[in-house]
Amino acid sequence: MATGSVISGGFLLSGNISFAKTGIEPEGKRALTFCHFPDVLHTYIWRNWNLVPLSRLAKVVRATSGELLSVAKSMGLPEPSPISADHQRRSYLTVIRRNWHLLPREQLLELLNWSDEQLTFTLQEDDFFYIKLGSLKPVCKPVLFVKQDHDAEIKSAWINGVLHQEFPDGIPAMEESLFHFVSELSTPPEKGESQVFTGSSGFSPRFGYSYFALFGDPLLEPETDPLPDGYLARMVASGMDGAWMHLVLSKITPFPWDTSVSNKWEQRLENLKKLVFRAKKQGIGIYLYLNEPRNLPLRFFDQYPHLKGVTSGNQASLCTSHPDVQKYLIDSLALITASIPDLAGFFSITASENPTNCWSHSKGGGCPRCSKRTAAEVISELNICYQKGIGNGIQNYEQTSGKISTGNTPRLIVWDWGWHDDWVEDIIRSLPKQVALMSVSEWDLCIERGGIKGKIGEYSISAVGPGPRAQRHWKIARDCGLKVVAKIQAGNTWEIAAVPYIPAMENVATHAENLRNAHVNGLMLGWTLGGYPSPNLEIVAAIGNEPSLTALMAMELVAKRRFGNAGPAVVRAWRSYSIAFSEFPFGSGLYFAPMQVGPANLLWEKPTNYNATMVGLPYDAVVNWIGNYPVKVYIHQLQRIADGFDQGLTELHRQISGLILTAKERKALVRECNVADTIAIHCRSVANQANFITLRESVISVKNSEDRWKEIGELESILHQEIILAKRMYALQCRDSRLGFEASNHYFYTPADLIEKVLNCRDLLDRWLPGLRK
């Protein structure tokens, strides 16, 4: 979770991306150069090959398709493959990220075939992608085609030669194309493929996010259905009963002060209505993200100064203490629920994410109205307005339709994310009795990893909740007659989101058992990550459905159903993974380490001088990665996880040797092993990278020649290890399209990036290390 914004109808609703809005890039840091390629043009061709159509690649750099094909072949790239329209629609974040240091804004727009407004919307509203890119655009010169000179020909021939040396039998072909899993998950499960959990559940609701939904404006993109019927059926089969969607209020209801902001709101609302109806038929309720009202540019308040709240940069909040703003929120939510009474509900975030109410980022003292009120008063009043709007809408529906609601009316789940400790009790005690309170279950758990003490302050599967914060807040809520919901990550977390799920099942199962015993009413099963129909979700559902089921029994039940005779061996592996993953070096570096890109993260001979970004670009900023851990401890903890997963996999393969399995069970087992293998590779690679950077800095300053030679030898060993890991990960991703993907980031890396890592390491071995030895 982070902070961001949206542009619409000429108004930048929050955030600050001047280069994208004005068309002028600010003075910034120079883009990085990639020495394993001859120049930027060659880098551009490599990174976009088979991601963007050749004709458009050529047009951007003012070349012909034949000219680019000739350069590509000189590097050993294959003939371009057809790229489907769906593939292009789903990969735009991957394309932006890989060209961030290559193309200026104008050429990036041309490559995407987008308008300026589309790019700005995506950077700000697509889960705050601009922040994930570092909140700055590196300065890039225009890239134009020129015929290869002699030096470029030599370097291209070197690349081609390295590919033949590292892949003597040829580069393995992809067995599954990128995004293959979308079509696979969009078909209903076969009979017996998944266990459908029926009957009453101890957890209700149980909602999460679609594994492959586009985050930005999904209700205007019918070609990329976020919840196709087949996937809905798989959600139900995994034990879920709800899904949430990210929406902006002014996009699905009219914005009263400037209707151009809400262009096409009727179309979005109608599409939402159709989706809610279709999902409900499958047994899935739809919940909407409520983080309102969004900030507006200062020029808006030239016309409406009475609505202005806290100023932040070139924007200010719509003050929710003003009656006109309250009326806007109440009327908007009433319109939604009157139009779609079958909506399952909303969940509100009032003290984080986008700047919204004046106290949302603890700066209410800057508002002439809210400065005279406490944060608790403002936030509780805002949630009261939300609930009033929901209730008014249901009343309006009943009056106009003549139908009486059955009690299954849209509910409001109030999330305490970001609330200060001294706000909590006053807010909860002021909430309407109809709402439920949600708290992140594992927060404030005390941990010790590698002798370093800390606290959990984010989502975690390496720590088993519930923690003291959630338990304290739930008690207050129950005392006030409110239901309580646990926010967990059942599938995966930002500890590693590049896998569809983390198979540390004993941790997940024990957490679910603890929550059942704590009499939690419902579960939010995941943020944008974790929506894959995984054994994790099935285990949580099983525990919620059967009061006497222990964590171990639930694992055995799900493993038997998925893997047949291999079930007992898989359970033993899950328990090994859980022990290993509990060593994760959880701390302030969580968002910034290369855990999502693993072996695709490049190594650098000199410091890049770029800070790591939030789950985006880790660069070589090891100081950002390690957080509160000494670098040696950080490396050791990751190696312990990798060793634990490797040992669990080895033992699993030994135990299943000779077992009789169906083809379906064997396929499921292979894909299960792919996930565990990926986690081991990522952890080992990140440990290698941290070690490499530490040695790189040391070898420059070391005086003793014997120590210098030793460190150079260690650098060489790491480079060879990284080549092996990149090639292993390449083979895995080629046969399993789920790996490296997450809904709000798309592909963190592609197979081409893993081969680029091989080139990167070989370049350092062939060019840089000999120079160090001299």
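Rules used in this analysis
Residues numbered from 1 in each chain as written. Predicted model: local features only at pLDDT ≥ 70, side-chain atom pairs only at ≥ 80, totals over all residues. Heavy atoms only, no water. Buried < 20%, exposed > 50% of the residue type's maximum accessible area, 1.4 Å probe, protein only. Helix = DSSP H or I, 4+ residues; strand = E, 2+ residues; numbered from the N terminus. Arc of directions from axis to C-beta. Contact = heavy atoms within 4.5 Å. Expected span 1.5 Å × (residues − 1). Core = buried A, V, L, I, M, F, W, Y, C linked by side-chain atoms within 4.5 Å. Lys, Arg positive; Asp, Glu negative; His and termini not counted. Salt bridge = Lys/Arg side-chain N within 4 Å of Asp/Glu carboxyl O. Pairing = 2+ DSSP bridges. Patch = residues over 30% accessible without salt bridge, like charges linked within 9 Å, V, L, I, M, F, W, Y side chains within 5 Å. Areas by Shrake-Rupley, 256 points an atom, 1.4 Å probe, with all protein chains shown as cover. Charge placed at Lys NZ, Arg CZ, Asp CG, Glu CD. Axes fitted to C-alpha atoms, helices over the stretch in contact; angles between N-to-C directions. Parallel < 35°, antiparallel > 145°, perpendicular 65-115°, else oblique. Nonpolar A, V, L, I, M, F, W, Y, C, P; charged D, E, K, R; others polar. pLDDT = per-residue confidence, 0-100. Phe/Tyr/Trp six-rings, centres within 6.5 Å; stacked < 30°, edge-to-face > 60°. Lys NZ or Arg CZ within 6 Å of the ring centre and 35° of its normal. Polar contact = N/O pair within 3.5 Å; in protein donor to acceptor, adjacent residues only side chain to side chain.

A. Region of the structure containing helix H4 (residues 65–74). For H4, the complete set of buried residues consists of Leu68, Leu69, Val71 and Ala72. Projected down its long axis, H4 shows its buried positions confined to an angular sector of 160°, all on one face. Each element contacted by the buried residues of H4 is listed here: helix H2 (40–48) and helix H3 (54–60). Within two residues after H4, glycine 76 carries a phi angle of roughly 95°, on the positive side.

B. Seen up close, helix H14 (residues 265–282). Across its 18 residues, H14 extends 26 Å between first and last C-alpha, which sits within 8% of the 26 Å expected from 1.5 Å per residue. Along H14, the residues that are buried comprise Trp265, Arg268, Leu269, Leu272, Leu275, Val276 and Ala279. Down the axis of H14, the buried side of the element spans an arc of 120°, and every buried residue falls inside it. Those residues of H14 that are exposed and angled more than 90 degrees off the buried face are Lys274, Phe277 and Lys281. Tucked into the core, H14 has its buried residues touching helix H12 (229–237), strand S4 (242–245), helix H13 (249–252), strand S5 (285–290) and helix H16 (323–339). Backbone geometry just after H14 places glycine 283 at a positive phi near 100°.

C. Geometry of the nonpolar core. If you look at the biggest cluster of nonpolar residues, it comprises 268 residues, and the most contacted ones within it are Ile286, Phe347 and Trp574. Considering every element that reaches this core, the biggest residue donor is helix H26 (residues 663–701), with 15 residues. Beyond its immediate stretch of four places on either side in the chain, phenylalanine 347 contacts Phe207, Trp244, Leu288, Tyr289, Leu290, Ile413, Trp415, Met438, Met524 and Trp527.

D. Summary view of the side chain of arginine 449. Its location among the elements puts arginine 449 in strand S12 (residues 446–449). Among buried charged residues, arginine 449 stands out as having no salt bridge; its nearest opposite-charge side chain is glutamate 495, 5.3 Å away. Other than its neighbours up to four places away in sequence, arginine 449 contacts Ser462, Ala463, Ser582, Glu583, Phe584, Phe586, Tyr629, Val633 and Gln637.

E. Molecular detail of the pairing of strand S9 (residues 345–349). When you tally the buried positions in S9, you get five out of five residues, the bulk of the element. Here four bridges tie S5 to S9, and the two strands are oriented parallel to one another. Bridge pairing links leucine 288 to phenylalanine 346 in S9. Pairing of S9 with strand S10 (residues 411–415), which is carried by five bridges, proceeds in the parallel orientation. By the bridge assignment for S10, serine 348 is matched with valine 414.

F. Structural context of a negative patch on the surface. Side chains of Asp39, Asp149, Asp151 and Glu153 sit close together on the surface and give a patch of like negative charge. Mapping aspartate 149 onto the fold places it in the loop between helix H9 (129–132) and helix H10 (150–166).

G. Seen up close, the environment of leucine 290. Tracing the backbone through its elements, the reader meets leucine 290 in strand S5. The buried category is assigned to leucine 290, whose relative accessible area is 3%. Residues leucine 290 and valine 414, spaced 124 residues apart in sequence, show a C-alpha to C-alpha distance of 9.5 Å. Once residues within four sequence positions are removed from consideration, leucine 290 is found in contact with Leu333, Phe346, Phe347, Ser348, Ile349, Tyr386 and Leu412.

H. Local environment of the pattern of salt bridges. As enumerated under the stated definition, the model contains 44 salt bridges in all. The salt bridge involving arginine 105 is made with glutamate 106; its shortest N-O contact spans 3.1 Å. Residue classification places glutamate 106 among the partly exposed positions, given a relative accessible area of 44%.

I. View of the environment of cysteine 140. With respect to the secondary-structure elements, cysteine 140 resides in the loop between H9 and H10. Here the alpha-carbon distance between cysteine 140 and alanine 31, two residues 109 residues apart in the chain, equals 5.9 Å.

J. Quick peek at the sheet that holds S5. With parallel pairing, the eight strands of this closed barrel are ordered in space as S3-S4-S5-S9-S10-S11-S14-S15. In this sheet, adjacent strand axes meet at a mean angle of 25° when their direction is disregarded. Sheet analysis places strand S14 (residues 483–487) next to strand S15 (residues 522–524), joined by three bridges and oriented parallel. Following the sheet pairing, alanine 486 is matched in S15 by leucine 523. Here helix H19 (residues 468–479) sits on the sheet and contacts strand S11 (436–440) and S14; the angle it forms with S11, its principal contact strand, is near 170°.

K. Representation of the packing of H10 against helix H28 (residues 751–773) in the model. The interhelical angle for the contact between H10 and H28, taken along N-to-C directions, is 110°, at an axis separation of 10 Å. When the interaxial angle is binned, H10 and H28 end up roughly perpendicular. Where H10 abuts H28, its residues Lys155, Trp158, Ile159, Val162, Leu163, Gln165 and Glu166 lie against Ile755, Val758, Leu759, Arg762, Asp763 and Asp766. Tallied by class, residues from the contact of H10 with H28 come to seven nonpolar, one polar and five charged.

L. Focus on the confidence of the model for the protein. Confidence along the protein averages 93 in pLDDT terms, with 95% of residues attaining 70 or more. In this model residues 1–26 is a low-confidence stretch, pLDDT under 50, and it forms 117 contacts with partners more than four residues away in sequence or in other chains.

M. The arrangement of the packing of aromatic side chains in detail. Scanning all chains against the criterion turns up 44 aromatic pairs. The interplanar angle of 75° and the centroid separation of 6.3 Å between the aromatic rings of tryptophan 100 and tyrosine 130 together place this pair among those described as edge-to-face. Placement of the pair is tryptophan 100 in the loop between helix H6 (92–99) and helix H7 (105–112) and tyrosine 130 in helix H9, with a sequence separation of 30 residues. Overall, tryptophan 100 belongs to the buried group, its relative accessible area being 0%. Classification of tyrosine 130 by relative accessible area gives buried; the value is 9%. Ring plane angle 70° and centroid distance 5.4 Å describe the contact between tryptophan 415 and tryptophan 417, whose orientation is recorded as edge-to-face. Across the pair, tryptophan 417 and tryptophan 415 agree in class, each one buried. By way of ring pairs, the aromatic residues Phe207, Tyr209, Trp244, Tyr287, Tyr289, Phe347, Trp415, Trp417, Trp443, Tyr459 and Trp527 are connected into one cluster. Lysine 29 extends its terminal NZ or CZ atom over the ring of tyrosine 610, reaching a point 4.1 Å from the ring centre. Seen from the ring of phenylalanine 167, lysine 727 lies directly overhead, with NZ or CZ sitting 5.5 Å from the centre.

N. Layout of the sheet that holds strand S8 (residues 315–318). Taking strand neighbours across the sheet as the criterion, the three strands line up as S6-S8-S7 in an open arrangement whose pairing is antiparallel. The strands lining the two open edges of the sheet, one partner per strand, are strand S6 (296–297) and strand S7 (308–312). Pairing geometry for S7 and S8, over three bridges, is antiparallel. Note on S8: the bridge partner recorded for threonine 311 is alanine 316.

O. Main features of the side chain of aspartate 620. Position of aspartate 620 among the secondary structure elements: in the loop between helix H23 (567–581) and helix H24 (622–626). A distance of 3.0 Å separates the side chain of aspartate 620 from the side chain of arginine 696, its partner in a polar contact. With residues up to four places along the chain from it excluded, the contact list for aspartate 620 reads Trp604, Lys606, Pro607, Thr608, Asn609, Tyr610, Trp625, Ile693 and Arg696.

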